[in-house]
Amino acid sequence: MLKIDFMIVIFYMIGMIFIGYKLGKKNETQEDYFLAGRSMPWLPVGLSVAATMISANGFVGGPGWAYSSGIGPFMVNITVPLAIMVALYTFIPVFYNLKLTSVYEYMEKRLGVYSRTLTVFGFIINSLIQVSSMVYIPALIINKFTDFDIKISVIIIVVVAIVYTLLGGIKAVIWTDATQMGVLWGGLIFALIFILKATGLSIGETFVMAREAGKLQAIDFSFNISSTNGFWASLIGGFIMWVRYFGLDQGQVQRILTSKSYKGVKNSFLVSAIIMNILYFSFMILGVMLFIYYKGATFASSNDIMIDFISNHLPVGVVGLIISGIFAAAMSSIDSLLNSMTTVYTKDIHERFISTKKDVTSLKNTMIISVVFGILIVLFTLIGFSGTMKSVLDIIGKYISYISGPMCGAFFLAMFTVKSNDKGVSVGIISGMVATFFIGQQINISWIWNPAIGFVITSIIGYLFSYFFKSNKSEDEKYKYTLIGQRKKMIADNDMSEEGVSKLPLEFDRYSVILIIFFLLQYIILYFIGNY
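Residues numbered from 1 in each chain as written. Predicted model: local features only at pLDDT ≥ 70, side-chain atom pairs only at ≥ 80, totals over all residues. Heavy atoms only, no water.

For the rest of this paragraph, the subject is the overall build of the protein chain. Scanning the protein chain for helices and strands turns up 21 helices and two strands. Residue burial in the protein chain is summarised as follows: out of 532 residues, 62% are buried. Counting only contacts in the protein chain whose residues sit at least 6 apart along the sequence, the fraction spanning at least 24 positions is 85%. (Helix = DSSP H or I, 4+ residues; strand = E, 2+ residues; numbered from the N terminus. Buried < 20%, exposed > 50% of the residue type's maximum accessible area, 1.4 Å probe, protein only. Contact = heavy atoms within 4.5 Å.)

The structure is reproduced here in structure tokens:
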């Protein structure tokens, strides 16, 4: 890496720390640190949600996956708008109405401490896997461009993310994510333009060549359970995976709960759904264009494709911009998950089981917890991802798929049924995880089916076993925290809307229409690209 490129990256990191410092000066309480006083405008919140999902894995792993498989991997993300719509009209209004800090607080209110504890540990393990993979990509890049050992690279990245997250809390996370989304788009657009100029081809000519190479066929209706990108796999397994991610994952829900009103929540989710999938689709197109650019050359690892392109083909100055874009993608995910893991540990473990005081954890101790999680991230990264030859996106998808279904099933039982109870659902969660892992190991089935399998097993076993255990909650108390119970309570309290937008569960409006139209439009575009 030349000096100018190195300086661009350094100035970018300093800029992120400065933003964290400026935004964190007004943080005085735990709620400021975790929820920004529930005062955030909707646009940066929406950009933050989008930025966290994309991550450096999307910037590097996405094009690498598309290089070898064409735009088919986009099918993994195609149900994102549909999943967000479902989350927005079921789980999210309940959490918002209850004014929760952690979504897992809901599990104890509705079910009990066992279910809450299991879902908390599921979230923490899931998040450590995700965030560690997000550190690995930029660490690879630092290792490629400098003489730093990959262990040192990992530490540098995590330390920078920890510093500005500690300084600014969730407010810094959201505003830096929004800034980083702009850097990410800048790097992507330049890469696309550079390839077109370098090949001398128009977009149309590039698409013709890609179609002839079989890189633009995305929709596969065959019921091949070993295919990750099939229509049915993405529609069923992918849908459940994304419902859990956007509706039940603290990392996403926490940002949404910082919004000033439910109108802000809906605006944020609508913007993030559209931006996320357009950006991810653009990564797929970049991978296809790189296939044309390299004339189908073979690489040892799909993760090497973007790294080679950056290091050996881009001009001076632009390398720094692209690397900053990758760091932007990485840190927008690291900071969010770091803050969310700290939130969950503080609210659901420390204050629930460890602290002997009834007061909330001090801001100082909350920050110490963040540092501990930063150390765990370093360890998980070095143990779990060093030396992988597959696309990082594919790797983490498999890891977290064993957890997604059971988590979704547990919340489904809690919110949509009255009979389910704490011990029954807990048995369902454990059974769902064990069975999903066993099926995944014994049958040649794609990981994207695992969330659906885990969801079904957890839901059935959790409900049935609830008949064998006595609940410590009355029927009225259980019903009160179900989705229908919450809806009726909000109607009775005349607490149905904010700023002219309904916040009632199951009350569909123009936002749901837009999300469904966008969801269906994706299939039309994919069909057109692949066939005309």
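Next comes the rest of the write-up.
Considering all chains together, one arrives at twelve salt bridges under this definition. With a shortest N-O distance of 3.4 Å, Lys 503 and Glu 498 are connected by a salt bridge. The exposure class of Lys 503 is buried, given its relative accessible area of 5%. Overlapping salt bridges bring together Glu 108, Arg 116, Asp 348 and Arg 352 as one network. (Salt bridge = Lys/Arg side-chain N within 4 Å of Asp/Glu carboxyl O.)

A separate point is the nonpolar core. Soluble globular proteins tend to pack their nonpolar side chains together in the buried interior. Counting residues in each nonpolar core, the largest one holds 161 residues, and the members touching the most others are Ile 71, Phe 95, Tyr 106, Phe 246, Leu 290, Phe 309 and Phe 411. If you tally residues by element for this core, the top one is helix 12 (residues 262-293), at 21 residues. Filtering out sequence-adjacent residues up to four positions away, Phe 411 remains in contact with Phe 91, Phe 95, Val 103, Tyr 104, Tyr 106, Met 107, Thr 119 and Leu 248. (Core = buried A, V, L, I, M, F, W, Y, C linked by side-chain atoms within 4.5 Å.)

Here the focus is the confidence of the model for the protein chain. Considering every residue of the protein chain, the mean pLDDT works out to 84; 90% of them sit at 70 or more. Note that residues 388-393 has pLDDT below 50 and, in this model, 25 contacts with residues that lie over four places away or in other chains. (pLDDT = per-residue confidence, 0-100.)

Across its 21 residues, helix 17 (residues 422-442) extends 30 Å between first and last C-alpha, which sits within 8% of the 30 Å expected from 1.5 Å per residue. Here helix 17 has its buried residues at Asp 422, Gly 424, Val 425, Ser 426, Gly 428, Ile 429, Gly 432, Thr 436 and Gly 440. (Expected span 1.5 Å × (residues − 1).)

Looking now at unusual backbone geometry. With a phi angle near 55°, Lys 295 is a residue other than glycine that sits in the positive phi range. Within the secondary structure layout, Lys 295 lies in the loop between helix 12 and helix 13 (304-313). The backbone of Glu 499 shows a phi angle near 55°, a positive value even though the residue is not glycine. One can find Glu 499 in the loop between strand 1 (497-498) and strand 2 (501-502).

Take helix 20 (residues 483-492) next. Quick reminder: α-helices carry 3.6 residues per turn. Residues three or four places apart thus point the same way. All buried positions along helix 20 are accounted for by Leu 483, Gly 485, Gln 486 and Met 490. Take helix 20 and look down its axis: the buried residues cluster within an arc of 160°, on one side only. Away from its buried face, by an angle of more than 90 degrees, helix 20 presents the exposed residues Lys 488 and Ala 492. (Arc of directions from axis to C-beta.)

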